[in-house]
Amino acid sequence: MTGRVEGKVAFITGAARGQGRSHALRLAREGADIIAVDVCKQLDGVNIAMSTPDDLAETVDQVKALGGRILAVEADVRDFDAMQAVVDEGVKQFGRLDIVLANAGLASDGARMDEMSEKTWRDMIDVNQTGVWLTTRVSVPHMIAAGNGGSIILTSSVGGLRGGPNIGHYISAKHGVIGIMRTLAMELGDKNIRVNTICPTQVATPMLLNESTYRMFRPDLKHPTVDDFKAVSQFMHVLPIPWVEAEDVTNAVLFLASDEARYITGVALPVDAGGMLK
């Protein structure tokens, strides 16, 4: 089956690498034009290496290699004016907006809630929750004005469905994303705009596969390796895998974005290898 989003336009945040790039390439392959944004710089206080301009350029090259059209801009999802300008320009170039993927997210070092710094808390909430809302805020008016309906997909996490120690800022933000989704689904249903969340478990992207993550999950080791982390991660799942691939999340995103899911809205869909059963 091909052309599942033929003739549609998708706005994707965090598109420079990882899940965002995977989503952009698959939707382009299935016929969509892409509006892509990513911050493409290292944010202060984030120890995990973030995306670069070269990463975003690579996404552009790969979309074009598929024969797709793409507008890619370096922008921070916390910047309302920048995000508004990107979407306005994308709609001007491509003529419409049908799919919104609020995928951009931040990872940071963990700490107990009673020991966490205010900056660590605020940065996480500002990017992972407020940034998601801003993405919808600049997009929804275009979708309503066009009258074509559409699909909005917000990236939450299994962390949005349960608690977890030492990552309370992340857990709180991802719970908030589901709250945004459920509210928007009710507010936009009469416009035939569907709103859902994807809730992945660990995904094999640079945000996960790095030494900071390994130390968070294996604090008992001075220099934990990916294999040390893999054993703990696999224990969290029912299926015998330590993590899913970005493509596995993309498969669910494509389904929710397509007309195959035309009557699905207000759903928090786990892609979790059975992790929520544990």
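Preceding block: the structure.
Residues numbered from 1 in each chain as written. Predicted model: local features only at pLDDT ≥ 70, side-chain atom pairs only at ≥ 80, totals over all residues. Heavy atoms only, no water.

Caption draft 1: Representation of the overall build of the protein chain in the model. Per the secondary structure count, the protein chain includes eight helices and seven strands. Whereas a compact globule of 278 residues would reach a radius of gyration of roughly 19 Å, the protein chain reaches 18 Å, a difference of no more than 12%. Each of the three principal axes of the protein chain carries a C-alpha extent, and together these read 55 × 35 × 35 Å. Within the span of the protein chain, comprising 278 residues, buried residues form 51% of the whole. A fraction of 72% describes how many contacts in the protein chain between residues 6 or more apart in sequence connect residues 24 or more apart. When the accessible area of the protein chain is evaluated, it comes to approximately 12,400 Å², of which 52% is carbon and sulfur surface. A gap of 4 Å separates the mean positions of the 27 positive and 34 negative side-chain charges of the protein chain. (Helix = DSSP H or I, 4+ residues; strand = E, 2+ residues; numbered from the N terminus. Rg over C-alpha atoms; globule rule 2.2 N^0.38 Å. Buried < 20%, exposed > 50% of the residue type's maximum accessible area, 1.4 Å probe, protein only. Contact = heavy atoms within 4.5 Å. Areas by Shrake-Rupley, 256 points an atom, 1.4 Å probe, with all protein chains shown as cover. Lys, Arg positive; Asp, Glu negative; His and termini not counted. Charge placed at Lys NZ, Arg CZ, Asp CG, Glu CD.)

Caption draft 2: Summary view of the environment of Arg96. Mapped onto the secondary structure, Arg96 falls in the loop between helix H3 (80-94) and strand S4 (99-102). The class of Arg96 is partly exposed, set by a relative accessible area of 28%. Once the C-alpha coordinates of Arg96 and His142 are considered, the two residues, 46 residues apart in sequence, prove to be 7.6 Å apart. Once you skip the residues sitting within four places of it in the chain, Arg96 turns out to touch Gly7, Val9, Val91 and Asn148. Separated by 2.8 Å, the side chains of Arg96 and Asp98 make a polar contact. (Polar contact = N/O pair within 3.5 Å; in protein donor to acceptor, adjacent residues only side chain to side chain.)

Caption draft 3: Expanded view of a nonpolar patch on the surface. On the surface, a cluster of nonpolar side chains totalling about 320 Å² of accessible area is made up of Val238, Leu239 and Leu277. With respect to the helices, strands and loops of the structure, Leu239 is situated in the loop between helix H7 (226-235) and helix H8 (246-257). Classification of Leu239 by relative accessible area gives partly exposed; the value is 47%. (Patch = residues over 30% accessible without salt bridge, like charges linked within 9 Å, V, L, I, M, F, W, Y side chains within 5 Å. Salt bridge = Lys/Arg side-chain N within 4 Å of Asp/Glu carboxyl O.)

Caption draft 4: Layout of the pairing of strand S6 (residues 193-200). The buried count for S6 comes to eight of eight residues, which makes it a mostly enclosed element. Of the two faces of S6, the one carrying Ile193, Val195, Thr197 and Cys199 and the one carrying Arg194, Asn196, Ile198 and Pro200 are both buried. Pairing analysis gives six bridges linking strand S5 (residues 150-155) to S6, with the strands arranged parallel. Considered in S6, the bridge of Ser151 is made with Arg194. Pairing geometry for S6 and strand S7 (residues 268-271), over four bridges, is parallel. Residue pairing in the sheet places Thr197 in a bridge with Ala268 of S7. (Pairing = 2+ DSSP bridges.)

Caption draft 5: View of the packing of aromatic side chains. For the structure shown, the criterion picks out three aromatic pairs. Grouped by ring-pair contacts, the aromatic residues Tyr214, Phe217, Phe229 and Trp243 constitute a single cluster. Sitting over the ring of Phe235, Lys278 keeps its end group 4.5 Å from the ring centre. (Phe/Tyr/Trp six-rings, centres within 6.5 Å; stacked < 30°, edge-to-face > 60°. Lys NZ or Arg CZ within 6 Å of the ring centre and 35° of its normal.)

Caption draft 6: Local environment of the side chain of Asp272. By secondary structure assignment, the location of Asp272 is in the segment after S7. Of the side chains with opposite charge, Arg162 comes closest to the buried, unpaired Asp272, at an N-O distance of 6.2 Å. Polar side-chain contacts of Asp272 include one of 2.8 Å to the backbone nitrogen of Met276.

Caption draft 7: Quick look at the environment of Asp109. As for its position among the elements, Asp109 is in the loop between S4 and helix H4 (118-146). Here Asp109 falls in the partly exposed class, since its relative accessible area comes to 32%. Between the C-alpha atom of Asp109 and that of Ala82, which follows or precedes it by 27 residues, the distance is 27 Å. For Asp109, the contacting residues outside a window of four places in its chain are Asn47, Thr120, His169, Ser212 and Met216.

Caption draft 8: Main features of the packing of H3 against H4. Two elements in contact, H3 and H4, have axes separated by 9 Å at closest approach and are oriented at 35 degrees. In the crossing of H3 with H4, the sense of the turn from one axis to the other is right-handed. For the pair formed by H3 and H4, the contact residues are Phe80, Met83, Gln84, Val87, Asp88 and Val91 on the first element and Leu134, Thr135, Arg137, Val138, Ser139 and His142 on the second. Broken down by class, the residue content of the contact of H3 with H4 amounts to six nonpolar, four polar and two charged. (Axes fitted to C-alpha atoms, helices over the stretch in contact; angles between N-to-C directions. Left-handed = near helix turned anticlockwise from the far one by under 90°. Nonpolar A, V, L, I, M, F, W, Y, C, P; charged D, E, K, R; others polar.)

Caption draft 9: Local environment of the pattern of salt bridges. By the definition in use, this model includes 15 salt bridges. A salt bridge links Arg112 to Asp114, with the nearest nitrogen and oxygen atoms 2.9 Å apart. Judged by its relative accessible area of 57%, Asp114 falls in the exposed class. Note that Asp227 is salt-bridged to Lys230, the shortest N-O span being 3.9 Å. One end of the pair, Asp227, and the other, Lys230, are both in helix H7, three residues apart, so they sit about a helical turn from each other.

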